[in-house]
Amino acid sequence: ILRNAIRTARSWLNRVKKCKVVEGGTTALEIERLINEHSELIVAMPEEVEKLKQVMKGYCLCRRPYEGFMIGCDGCDEWYHGPCIGVSESQADRCEKYLCVRCCVKRVFTNSSAAVAGTIRKWTSDKDRKKARQGAQGHK
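Computed from a prediction, not measured in an experiment: that's the story for all the values here.

Conventions and cut-offs
Residues numbered from 1 in each chain as written. Predicted model: local features only at pLDDT ≥ 70, side-chain atom pairs only at ≥ 80, totals over all residues. Heavy atoms only, no water. Core = buried A, V, L, I, M, F, W, Y, C linked by side-chain atoms within 4.5 Å. Buried < 20%, exposed > 50% of the residue type's maximum accessible area, 1.4 Å probe, protein only. Helix = DSSP H or I, 4+ residues; strand = E, 2+ residues; numbered from the N terminus. Contact = heavy atoms within 4.5 Å. Disulfide = S-S within 2.5 Å. Axes fitted to C-alpha atoms, helices over the stretch in contact; angles between N-to-C directions. Left-handed = near helix turned anticlockwise from the far one by under 90°. Nonpolar A, V, L, I, M, F, W, Y, C, P; charged D, E, K, R; others polar. Expected span 1.5 Å × (residues − 1).

This part is about the nonpolar core. Among the nonpolar cores identified, the biggest contains 13 residues, and Trp12, Val16, Ile31, Leu34, Ile35, Met45 and Leu52 are the most heavily contacted of them. Of all the elements in the fold, those that place two or more residues in this core are α1 (2–18), α2 (28–40) and α3 (46–55). Counting residues per element, this core draws most heavily on α1, which supplies four residues. Discounting chain neighbours no more than four positions away, the residues touching Trp12 are Leu34, Glu37, His38, Leu41, Met45, Glu48, Val49 and Leu52. Met70, Val87, Ala92 and Tyr98 belong to the second-largest nonpolar core, a separate cluster that totals eleven residues.

Applying the stated criterion to the full structure yields zero disulfides. You can see Cys19 has no disulfide; the closest cysteine sulfur is in Cys62, sitting 20 Å from it. Note on Cys73: no disulfide assigned, nearest cysteine sulfur contributed by Cys103 at a separation of 3.6 Å.

Right, let's get into the packing of α2 against α3. The contact between α2 and α3 brings their axes to 10 Å, and the two run at 145°. Considering how the two elements wind past one another, α2 and α3 form a crossing that is left-handed. Residues Ile31, Leu34, Ile35 and His38 of α2 pack against Pro46, Val49, Leu52, Lys53 and Val55 of α3. Broken down by class, the residue content of the contact of α2 with α3 amounts to seven nonpolar, one polar and one charged.

Right, let's get into α1. The end-to-end C-alpha distance of α1 is 24 Å, a good match for the 24 Å that 17 residues give at a rise of 1.5 Å each. Tucked into the core, α1 has its buried residues touching α2 and α3.

Encoded structure:
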């Protein structure tokens, strides 16, 4: 029984290696099958099954698994499926840095809020308010 269990576990491990999970060389359905089969094995392989579960974690805007061509955001380290964000592999090859929509919006918000804060400080500071009034009176 033990020999059979070891043989079955080795066969499972070979299938995991052949499907090139980390490189995105397999489908989510195949990964689910491997995870389910692992739960039936007598010989546990916690490191390998953890890698499979990690790959099944939701990525991208669609929150689906790591699969096919993907590109990583240099701002937040989130990964996106190229087709979901409209970026092809050839476009990505020509791009030195990629920022996702969320990081771009965050950057614009941060820059805008800093400008607004500066304007508010200018108009709420007695010294700056007096300067602005004197400038406005000089234009009359």
